[in-house]
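One letter stands for each residue in the lines below.
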Amino acid sequence: MGLEEELIDRYKLVRLTTDEVSIIELNLKNLIKKFTTTKSRSIQKWEIGWKENLIEILNSKDFENALIPKYLTKSKNLRVNGKYYRVEQISDIPLIHHQIIDSLLRKLPKVDFEKIIELGAGSCNNAKLINNLFPNTPLLLTDWSNESISIAKHLTTLLSNKISGAFYDFFALENKVDLFNCLVITVHSLEQIGSDMTVLERILAKRPKLVLNIEPIVEDYETSSEAGTLLIKLHNQRDYFTGFPSWLRDNEKKGKLRILQSGKVKIGTEISEPYSFYIWEPIY
Ligand SMILES: C[S@@+](CC[C@H](N)C(=O)[O-])C[C@H]1O[C@@H](n2cnc3c(N)ncnc32)[C@H](O)[C@@H]1O
């Protein structure tokens, strides 16, 4: 049984009716209109979001629950194999998300890394999964949001003294964080860079040992349904990640990197298809 079928079974997912799908499609059309003028990459919205998580982490006894980003608890609907389903309870969505991320992290080759660095770690919701798999390896959680970095620093005492936080801005020409010989992970953060491949050029130039990207790759989206086509339009309207597969292939041809694994978990949120992945290594 594939992961998609396993999740349908385990979480007793219910297929949406045609009428319910029509409502989602209408919502997608409205979102596409709304995002026409909302192209700015503002740091402010992230600071506000991650501050909310930080306050919950400080006030809650269940800090792991407080790490969940709010966008994972907005809708009970999700896409599996190009069809819409619903979970019984909203708290199942972050559990499904965790199971997918965990399964993709487990695809990494079992080699030692000096350090693991997550770029765009946000509320640091992936830290526990990464730390469980590599408990003895230092884990540096980075972001351009100061609130996110504060969360990472709290995890040093809450989760593991191997965890720390630091500033990293994708668009800065220089970052202090040294990626050399490290495992670099991104989860739904490169989605923010649009088609600016200079961000990746700078990561490649720092010569990490291995890179795992789990991102919405628009080139992998399914095109055979109305909803699939709308999701592509929405992705483009939000100025999300575009051009990554061809950037990787071009650089592979030039002998600058090697793609070790790639694929897609055919699961999406109501408004995105976020679980394509690439594992690649720079050659130098
Ligand atoms: C959708 S969130 C993903 C967070 C986290 N990786 C996760 O899986 O929950 C996108 C993250 O990218 C970060 N981000 C956006 N633009 C960035 C930039 N220019 N440099 C670094 N991080 C950025 C945001 O602050 C946010 O934390």
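Residues numbered from 1 in each chain as written. Predicted model: local features only at pLDDT ≥ 70, side-chain atom pairs only at ≥ 80, totals over all residues.

A short note on the sheet that holds strand β5 (residues 139-143)
Pairing is mixed across the open sheet formed by 7 strands, whose spatial order is β6-β5-β4-β7-β8-β11-β9. The open sheet terminates on both sides in strands that have one partner only, identified here as β6 (163-167) and β9 (257-264). Ignoring which end each strand starts from, the neighbouring axes of this sheet average 20° apart. Pairing of β9 with strand β11 (residues 276-282), which is carried by 7 bridges, proceeds in the antiparallel orientation. Paired with K264 across the two strands is S276, which belongs to β11. Strands β5 and β6 of the sheet are contacted by helix α7 (residues 146-158), whose axis makes an angle of about 160° with β6. (Pairing = 2+ DSSP bridges. Helix = DSSP H or I, 4+ residues; strand = E, 2+ residues; numbered from the N terminus. Axes fitted to C-alpha atoms, helices over the stretch in contact; angles between N-to-C directions. Contact = placed C-beta atoms within 7 Å.)

Overview of the packing of helix α2 (residues 18-34) against helix α9 (residues 226-237)
Packing of α2 against α9 leaves a shortest axis separation of 9 Å and a crossing angle of 20°. It follows from the interaxial angle that α2 and α9 lie roughly parallel. Note on packing geometry: the crossing formed by α2 with α9 is left-handed. Residues V21, I24, E25, L28, K29, L31 and I32 of α2 form the contact with α9, whose participating residues are E226, A227, L230, L231, K233, L234 and Q237. Looking at the contact of α2 with α9, its residues break down into 9 nonpolar, 1 polar and 4 charged. (Parallel < 35°, antiparallel > 145°, perpendicular 65-115°, else oblique. Left-handed = near helix turned anticlockwise from the far one by under 90°. Nonpolar A, V, L, I, M, F, W, Y, C, P; charged D, E, K, R; others polar.)

Topic: the environment of Q261
Relative to the helices and strands, Q261 is located in strand β9. The partly exposed category is assigned to Q261, around which 13 C-beta atoms lie within 10 Å. Taking C-alpha positions, Q261 is 31 Å from N161, a pair spaced 100 residues apart along the chain. Here Q261 is in contact with K107 and I279, once residues within four sequence places are set aside. (Buried ≥ 20, exposed ≤ 12 C-beta atoms within 10 Å, placed from the backbone.)

Thoughts on the sheet that holds strand β2 (residues 77-80)
The sheet built from 4 strands is open, its strands ordered β1-β3-β2-β10 with antiparallel pairing. Either end of the sheet is taken by a strand with one partner, and the two such strands are β1 (14-15) and β10 (267-268). In terms of strand pairing, β2 meets β10 through 2 bridges, oriented antiparallel. Across the sheet, the residue bridging to V80 is I267, located in β10.

Here we look at the site of the ligand
Taken together, 20 residues surround the ligand, and among them W46, G120, G122, V187 and S189 come closest. Residue composition of the shell around the ligand, grouped by class: 8 nonpolar, 10 polar and 2 charged. (Near = placed C-beta within 6 Å.)

Topic: the pairing of β2
Going residue by residue along β2, you find N77 and R79 tucked away on one face and L78 and V80 tucked away on the opposite face as well. Adjacent in sequence and paired antiparallel, β2 and strand β3 (residues 83-86) are bridged by 2 residues, among which N81 carries a positive phi angle near 50°.

Here we look at unusual backbone geometry
The residue N181 is not glycine, and still its phi comes out positive at about 65°. Among the secondary structure elements, N181 is positioned in the loop between β6 and β7 (183-187). Positive phi outside glycine occurs at D239, with the angle close to 60°. As for its position among the elements, D239 is in the loop between α9 and α10 (244-253). Under the C-beta neighbour-count criterion, D239 is labelled partly exposed, with 18 such atoms within 10 Å.

As for the nonpolar core
Grouped together as the largest cluster of nonpolar side chains are 59 residues, with contacts concentrated most on C124, L141, A152 and V184. When near neighbours in sequence (up to four residues on either side) are disregarded, C124 contacts L67, L141, S148, I151, A152 and L155. (Core = buried A, V, L, I, M, F, W, Y, C linked by C-beta atoms within 7 Å.)

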